[in-house]
Amino acid sequence: MSTISFARGVPAPECLPIEDLADCARTAIERDGAAALLYGHTLGYQPLREWLGERHDVEPARVIVTNGSLQAFHFVLSALAGAGRVIVERPTYDRPRRILSSFDEVAVDDEGLDLGELERVLAAGGPPAFLYTIPTFQNPTGVTLSEERRRQLAELAADRNLRILEDDPYGLVRFEGEPLPSLFELEGGRNVIYSSSFSKTIAPGIRVGYVVVPEAMGAGLEETVASTYITPALIGQATVLEFLRRGLLDPNLERVGELLRARRDAMLAALERELGGRARWSRPEGGYFLWLELAEGTDATELLLRATSAGVTFVPGPDFGGEPNSVRLAFSFASPDEIDEGISRLATALEPVSEGRAGIGVAARD
Ligand SMILES: Cc1ncc(COP(=O)(O)O)c(C=O)c1O
């Protein structure tokens, strides 16, 4: 029995546009190898910075193209280090939780960040360095910040000079519903720093992410970036640019969206069949993840041990700051048939945990 992974937040192999990328890489090297094979601009491959500047309606000087967007998080953090505390969502992407030595948290509900709680957290401490948020198809919950809350949060950022890092690697990976404006667009990019990536829209192994920062921050970061890697890996950036110039992004998003929709649907149907009435889960319109809340008292970390023996894996919610009974399920990697089977295995693994816990609860009450 091979293990089915709901743990891996990566695309299925058939999502990768391998032949197109091979052709784009060849063209990129042949056309501009003399530049792309040397050290280039510290802040990224200049023609791609220009393309992204146009897309986001900013000067290219404000765009830093990095070896994946997690690197951009490190650069923003180093630019703002010492400016105060960092506020993150609860739950949130586990890597920033591990990178930050300390942080304050604000809950996420079905409509995204809880703005009432944000107000309370802002009032309760010193001025924050920044708020880190993933407003669209959040990792780990799959939840999207509603349009109303986006407008309120953008207004709050503008009124109070609240610096926000909007991490948006999944925004374009929408397979249902209408796109929403980003916080960056709503606020005008004065206080909102916008980071995104081609990991989910083209391929993670190409390692191309970027961040749009205020101009002074871009110039200020040059020394840090140069000391980190002199210049980022330019061949990947030149290849991405060729992919974009050929107009391949939109058709790829459509193709990948269909593959992901089928996976999400398979997961929702299997959850309903296996856990209907016994658990709650989010219903994302895009991205890679959904969030499962099991019956009160279920310990997701303990469940993972049983699930692994039953041939299915996931990441327990507490790794992201979630409740003990929460689970992140990635539907991006397994096939629809594997997803169906994997949720059955998960339900089987769940039985002894819930019964065991219920038994303990009854004994304790008596
Ligand atoms: C919310 C979020 N931000 C950033 C990243 C990092 O992406 P990359 O460094 O591949 O661009 C990920 C990867 O899963 C993510 O989920």
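Some words on the side chain of S196
Okay, step 1: Relative to the assigned elements, S196 resides in strand β8 (residues 192-197).
Okay, step 2: Within the structure, S196 has its side chain in polar contact with the backbone oxygen of D168 (distance 2.9 Å).
Okay, step 3: Among residues more than four places away in sequence, those in contact with S196 are S69, D168, P169, G209 and Y210.

Considering the site of the ligand
Okay, step 1: Not every one of the 13 residues close to the ligand is listed here, only the nearest: S69, D167, Y170, S197 and S199.
Okay, step 2: For the ligand, an oxygen atom lies 2.9 Å from a polar atom in the side chain of K200.
Okay, step 3: R207 is positioned such that a nitrogen or oxygen atom in its side chain is 2.7 Å from an oxygen atom of the ligand.
Okay, step 4: Protein contacts shield 91% of the accessible area of the ligand, which totals 390 Å² for the unbound molecule.

Quick look at the domain arrangement of the protein
Okay, step 1: Assigned domains of the protein: these are domain 1 (4-13 + 251-365) and domain 2 (18-246).
Okay, step 2: A C-alpha centroid distance of 28 Å is found between domain 1 and domain 2.
Okay, step 3: In this complex, domain 1 contributes 25 residues to the contact, which on the side of domain 2 involves 27 residues.
Okay, step 4: At the boundary of domain 1 with domain 2, total buried surface from both sides reaches about 2200 Å², with 58% on carbon and sulfur atoms.
Okay, step 5: Inspection of the region where domain 1 meets domain 2 yields four salt bridges.

Some thoughts on the environment of A61
Okay, step 1: Take A61: it is sitting in the loop between α2 (46-56) and β2 (63-66).
Okay, step 2: In this structure A61 comes out as partly exposed when scored by relative accessible area, which is 33%.
Okay, step 3: Apart from the residues lying within four places of it in its own chain, the contact partners of A61 are R49 and E215.

Some points on the packing of aromatic side chains
Okay, step 1: Applying the stated rule across the entire model yields 10 aromatic pairs.
Okay, step 2: Residues F75 and Y229 carry aromatic rings whose centres are separated by 5.8 Å and whose planes lie at 80 degrees to one another, so their mutual orientation is edge-to-face. Pair noted here: F75 is in helix α3 (residues 69-80) and Y229 is in helix α8 (residues 215-229), with a separation of 154 residues, a long-range link. Side by side, F75 and Y229 carry an identical accessibility label, which is buried.
Okay, step 3: Ring geometry for F198 and Y210: centres 5.9 Å apart, planes at 35 degrees, overall tilted. Of this pair, F198 sits in the loop between β8 and β9 (209-212) while Y210 is found in strand β9, placing the two residues 12 residues apart along the sequence.
Okay, step 4: We classify F198 as buried; its relative accessible area is 5%.
Okay, step 5: A connected cluster of aromatic rings, assembled from ring pairs, spans F73, F130 and Y132.
Okay, step 6: Seen from the ring of F333, R8 lies directly overhead, with NZ or CZ sitting 5.0 Å from the centre.

Calculation notes
- Residues numbered from 1 in each chain as written.
- Predicted model: local features only at pLDDT ≥ 70, side-chain atom pairs only at ≥ 80, totals over all residues.
- Heavy atoms only, no water.
- Helix = DSSP H or I, 4+ residues; strand = E, 2+ residues; numbered from the N terminus.
- Polar contact = N/O pair within 3.5 Å; in protein donor to acceptor, adjacent residues only side chain to side chain.
- Contact = heavy atoms within 4.5 Å.
- Near = heavy atom within 4 Å.
- Areas by Shrake-Rupley, 256 points an atom, 1.4 Å probe, with all protein chains shown as cover.
- Domains from an automatic or database assignment.
- Buried area = accessible area lost by both parts, 1.4 Å probe.
- Salt bridge = Lys/Arg side-chain N within 4 Å of Asp/Glu carboxyl O.
- Buried < 20%, exposed > 50% of the residue type's maximum accessible area, 1.4 Å probe, protein only.
- Phe/Tyr/Trp six-rings, centres within 6.5 Å; stacked < 30°, edge-to-face > 60°.
- Lys NZ or Arg CZ within 6 Å of the ring centre and 35° of its normal.

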